[in-house]
Amino acid sequence: MAVSAALLCLAVLANPLQEQGQRVQPVASSAGMVVSQEALASGVGAAILRRGGNAIDAAVATAFALGVTLPQAGNLGGGGFLLFWHGPQRRAYALNFRERAPRRATAQMFLNGAGDVDRAKATRSLLSTAVPGSVAGLLAAQERFGRLSRQEVLTPAIELAERGFPVYPELAASLRQAAPQLQSDPTAKRLFFRIDSAPVTPGGRGSTGVRFYRVGEILRQPQLGATLRLISHQGAAGFYRGRLAQQLEALMAKGGGLIDRKDLAAYTAPWVEPVRGSFRGLTVLSMPPPSSGGVTLVQLLNLLEPFDLALAGLNSASTIHTMVEAMNLAYRDRNSELGDPDQMTIPVERLTSKAYAESLRPLIRSDRHTPSAQLAGLAPLPSNSTNTTHLSVADRQGSLVALTTTLNFAYGNGIAVPGAGFLLNNEMDDFTAKPGVANAYGLVQGERNAIAPGRRPLSSMAPTLVLNAEGSPWLATGSPGGSRIITTVLQVLLNRILHGLNLASAVLAPRVHSQLWPDQLSLEEGISPDTQRLLEARGHQLLRTAAMGSANSVELLPAGGSLGVADPRRPEGAAVPERP
Ligand code: DON
């Protein structure tokens, strides 16, 4: 069984032309490719490739541009992770630019007098903000591996901020939806809504009307432009020291936040070793703790490796059942064993070993769902939120970048830094505010992810690269979606590797998700009613859910060139080739 799957997998990798008959096709390029969540930003990255930049230059330029054109998730005030396959060196690097808890943070800081978690404090206050990592991370990547200058990769973002860009339909809708939150902060209100001054009426005072941007109107962000200029001139010091640091500290001091200039000056974004796994002869490289993304993804692939999911069929009841039982086991370990490796020892080797997967596999029953209560934990259901953003880049030298960045919620905590033009993250909610109590994604986490000074909260972000059987770079992917990130990435890989789908079909196929708690199987539309009945008969409680994730992905072709797919679940995304 494993042999036939391995043969199929080799056929898929060896002959991409075979997949051309499928309903949807990736965008093709004879050179590099940039895929991100917003078309102008993807265009920025592709233009950087055309003028001789490499995959890192393009990824960093795209990420800074997303900070302008995708304010709900692109950011300067958040953090993220980056996986990089260095084509010429033929080796992988991972960069941790996750936000850190400020020095004065404490384990109990989100508990009220009754010992309950104060959700507003954990997600909407200045206390919800962790020390931002994006600027340090993006610049560290660019300085070490970029070919162009810092100024060259920042200029497009500066221009987009200062000259403005036409508001696209999804941004207009998203700002309208976030209005209650963004308009309650006077700074954010001025940044993202039109303030029209009515003429002064005879005998009366002029009145000011706040209204939504209409599609096609130009959104200019001059303060953000000035902040980007400062970063372009001074590098990370322009953000973590000096005027901007003072502005951020002043906001915090006035509004009850904890971050001060010392926290900002102490921020670092370290290079780390990627988590490494193998699946049917392919190598999978992903993000180690403090993201759970890589460990949990590799654990899932190990658990699923011997099952013949290709024979069982894409999204058949049997395939979904097997994946979901594995997901619950992997999330159990995720929630209790993982945390920030700078502050504790994390058993990454054990959790990602084939032997460990073998020891857990007997817990997957083929005929029956194992209720979560028999495995561990507790929690309510998260609502789907649309924030975090993932971009993938391929270049002509065979380099790949997978980069996921976030403010946590859409527009973070909705609070902007006065005079600086950017929003703050609410990443502190990714910590365990109280053991056993779910966070915004329904994740019930343990003591290892408790809040502590300088600690980085556990993440689910999973920027991931796959190398083919010869060890050559093949695919880059990743996704937003909170706790659903890891299962989204898993299914893109399984669809591509086992089920014979091309990259576009693999990204498009309906997804399922389970995370131990709540004991529930979430399904996107497109899973047939009779499949759903078969799953219910095995004991699964089904929940029809909104679209999960947005897996912007690229693939390098064996004969040169690349393919890209912007996940259609978020229609503002685009795959832009360096050349046709
Ligand atoms: O790091 C994490 O796991 C979360 N802060 C990511 C949030 C997210 O993906 C929301 N997106 N839809």
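Since the structure is predicted, the reported quantities are computational estimates derived from the model, not experimental observations. (Residues numbered from 1 in each chain as written. Predicted model: local features only at pLDDT ≥ 70, side-chain atom pairs only at ≥ 80, totals over all residues. Heavy atoms only, no water.)

So what exactly am I meant to see when it comes to the pairing of strand β4 (residues 91–97) here?
The side chains of a regular strand alternate between the sheet's two faces. Buried residues dominate β4, accounting for 6 of its 7 residues. Both strand β3 (residues 79–86) and β4 contribute to a ladder of 7 bridges, which runs antiparallel. The partner of tryptophan 85 across the bridge, within β4, is alanine 92. Taken together, the 2 bridges between β4 and strand β9 (residues 271–272) define a ladder with antiparallel strand orientation. The residue bridging alanine 94 from the neighbouring strand is valine 272, located in β9. (Buried < 20%, exposed > 50% of the residue type's maximum accessible area, 1.4 Å probe, protein only. Helix = DSSP H or I, 4+ residues; strand = E, 2+ residues; numbered from the N terminus. Pairing = 2+ DSSP bridges.)

I tried to follow the domain arrangement of the protein chain on my own but got confused; where do I start?
Interface extent is often summarised as the accessible area lost during association of the parts. Examined at the domain level, the protein chain breaks down into domain 1 (3–17 + 277–380 + 444–449 + 460–558) and domain 2 (33–174 + 218–270 + 389–430). Measuring from the centre of the C-alpha atoms in domain 1 to the corresponding centre in domain 2 gives 28 Å. Taken residue by residue, the interface counts 29 residues in domain 1 and 32 residues in domain 2. Interface of domain 1 and domain 2: buried area, both sides summed, is about 2200 Å²; carbon and sulfur atoms make up 71% of it. Counting across the interface, domain 1 meets domain 2 through 0 salt bridges. Taken together, domain 1 and domain 2 are joined by 11 residue pairs in polar contact (both at pLDDT 80 or more). When contributions to the side of domain 1 that touches domain 2 are tallied by element, the ones reaching two or more residues are β11 (282–286), β14 (464–467), β15 (473–477) and β19 (553–556). Of all the elements, β15 adds the most residues to the side of domain 1 that touches domain 2, at 5 residues. (Domains from an automatic or database assignment. Contact = heavy atoms within 4.5 Å. Buried area = accessible area lost by both parts, 1.4 Å probe. Salt bridge = Lys/Arg side-chain N within 4 Å of Asp/Glu carboxyl O. Polar contact = N/O pair within 3.5 Å; in protein donor to acceptor, adjacent residues only side chain to side chain.)

What exactly am I supposed to notice about the site of the ligand here?
Near the ligand there are 17 residues, and of these Asn387, Thr388, Glu427, Asp430 and Ser459 occur at the shortest range. One nitrogen or oxygen atom from the side chain of asparagine 387 is found 2.5 Å from a nitrogen atom belonging to the ligand. A distance of 2.6 Å separates a nitrogen atom of the ligand from a polar side-chain atom of aspartate 430. Contact with the protein chains removes 99% of the 340 Å² of surface that the ligand exposes when unbound. Residues belonging to the shell around the ligand are distributed by class as follows: 4 nonpolar, 9 polar and 4 charged. (Near = heavy atom within 4 Å. Areas by Shrake-Rupley, 256 points an atom, 1.4 Å probe, with all protein chains shown as cover. Nonpolar A, V, L, I, M, F, W, Y, C, P; charged D, E, K, R; others polar.)

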